[in-house]
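# Chains, contacts and geometry: an overview
Given next are the chains, with one letter for each unit.
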Amino acid sequence: MNRGRRALPARLERRNALFQQWQALLTNRTKRTRTGEMIIHGVRPITQAITHGHEIRALLSDSRENPSQWARELLAEPPAPVVVVAPELMAELGQRDDGAPELLALAAVPSDDLDRLDHGRVDGASRPTLVVAFDRPGSPGNIGSLARTVDALGGDALVITGRSADAWDPAAIRASTGSVFAIPVVRRDSHRDLMDWVGRRRETGENWQVVGLEEARGHQLAHTDLTGPTVLVVGNETVGLSSGWREACDLLAEIPMSGSASSLNAAIAGSIGLYEAARQRGLPTG
């Protein structure tokens, strides 16, 4: 991807081919895939991406006279070349109606190699691994929301399987408040890829289990042991788990519900599963 990457200018003051390419990264998944690049908005997402070692290819600056301390510090030791962009163009790239953001980041889209799961979180915590699989999510906002909870409640990675929304859509990054950069987020075409990874871990003696969250399956989540190495599988927002994931799961667990609601939002269901795992493992949850 990103063959023949052009040299970046020091300033960009008009709408040209480079600006149009950056603008397309905001709305066109195919462009993000083809170039291997994305635009990151916001103080926390940019900070998280830099802190966790993601490849930043450029910082875009509106070059305002009185930048914030955060921007001053970042521009004093930038992680990548700085391009000064005209404020009206920065406002467009920032997708804002209230003026230009101080900084945006042009970053590389992370690898979807499952080997990233073996490294897990960067905090080096010693505990059984907890991987969340999200089956064919249709909403980038739900991907971001679930990534945020994985990060907050001790999960080690988020794997998105099947035909899905894009984890690197600005809406997903925004919903995650940067957590998509704090944990490995990996996209795979099939659940079989993750199950092959689980199989390799089992061959080394690790006692992995695969637990799917489903409606009305009789075995309650609170009665499910989530203290060992676990893949927690969350289904599509509309149709739930695929038949492939149902067959792959060692256990299907339900979250009891009352009232008239027929189901839970997928990201919320995943969050409840993560909270239960964190509670069982004795991790801080409040």
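Everything numeric in this text was worked out from a predicted model, so none of it was measured.

Let's shift gears to the packing of helix α7 (residues 140–152) against helix α11 (residues 266–281). Close contact between α7 and α11 brings their axes to 9 Å; oriented N to C, the two are set at 10°. When the axes of α7 and α11 are compared, the pair comes out roughly parallel. Where α7 abuts α11, its residues Asn142, Ser145, Leu146, Thr149 and Val150 lie against Ala267, Gly270, Ser271 and Leu274. Partitioned by chemical class, the residues of the contact of α7 with α11 number 4 nonpolar, 5 polar and no charged.

Looking at the element boundaries, Arg57 is found in strand β3 (residues 56–61). By relative accessible area, which is 13% here, Arg57 ends up buried. A polar contact is formed between the side chain of Arg57 and the side chain of Glu37, at a distance of 3.1 Å. Of note is the side chain of Arg57, whose polar atom sits 3.0 Å from the side chain of Glu55.

With that out of the way, let us pick up the sheet that holds strand β5 (residues 103–108). A sheet is described by the order of its strands in space; here 5 strands give the open sequence β1-β4-β3-β5-β2, paired in mixed fashion. Each edge of the sheet is formed by a strand with only one pairing partner; in this case those strands are β1 (11–12) and β2 (37–40). Across 5 bridges, β3 lies against β5 in antiparallel orientation. Looking at β5, one finds that Leu60 is bridged to Leu104.

This model, assessed by the stated rule, comprises 16 salt bridges. In this structure, Asp135 engages Arg136 in a salt bridge whose closest nitrogen and oxygen atoms are separated by 3.0 Å. Its relative accessible area of 2% is what places Asp135 among the buried residues. Among the salt bridges present, the one from Arg188 reaches Asp193, with a minimum N-O distance of 3.3 Å. Note on Arg188: relative accessible area 25%, which makes it partly exposed. We classify Asp193 as partly exposed; its relative accessible area is 23%.

Assigned domains within the protein chain: domain 1 (11–108) and domain 2 (118–281). Computed over C-alpha atoms only, the centres of domain 1 and domain 2 are separated by 31 Å. At the junction of the two partners, domain 1 supplies 14 residues and domain 2 supplies 16 residues. At the boundary of domain 1 with domain 2, total buried surface from both sides reaches about 1,200 Å², with 56% on carbon and sulfur atoms. In this structure, the connection of domain 1 to domain 2 is made through 2 salt bridges. With its nearest N and O atoms 3.8 Å apart, the salt bridge here joins Asp169 to Arg32. Summed over the shared surface of domain 1 and domain 2, the result is 4 residue pairs in polar contact (both at pLDDT 80 or more).

Rules of the game
Residues numbered from 1 in each chain as written. Predicted model: local features only at pLDDT ≥ 70, side-chain atom pairs only at ≥ 80, totals over all residues. Heavy atoms only, no water. Axes fitted to C-alpha atoms, helices over the stretch in contact; angles between N-to-C directions. Helix = DSSP H or I, 4+ residues; strand = E, 2+ residues; numbered from the N terminus. Parallel < 35°, antiparallel > 145°, perpendicular 65-115°, else oblique. Contact = heavy atoms within 4.5 Å. Nonpolar A, V, L, I, M, F, W, Y, C, P; charged D, E, K, R; others polar. Buried < 20%, exposed > 50% of the residue type's maximum accessible area, 1.4 Å probe, protein only. Polar contact = N/O pair within 3.5 Å; in protein donor to acceptor, adjacent residues only side chain to side chain. Pairing = 2+ DSSP bridges. Salt bridge = Lys/Arg side-chain N within 4 Å of Asp/Glu carboxyl O. Domains from an automatic or database assignment. Buried area = accessible area lost by both parts, 1.4 Å probe.

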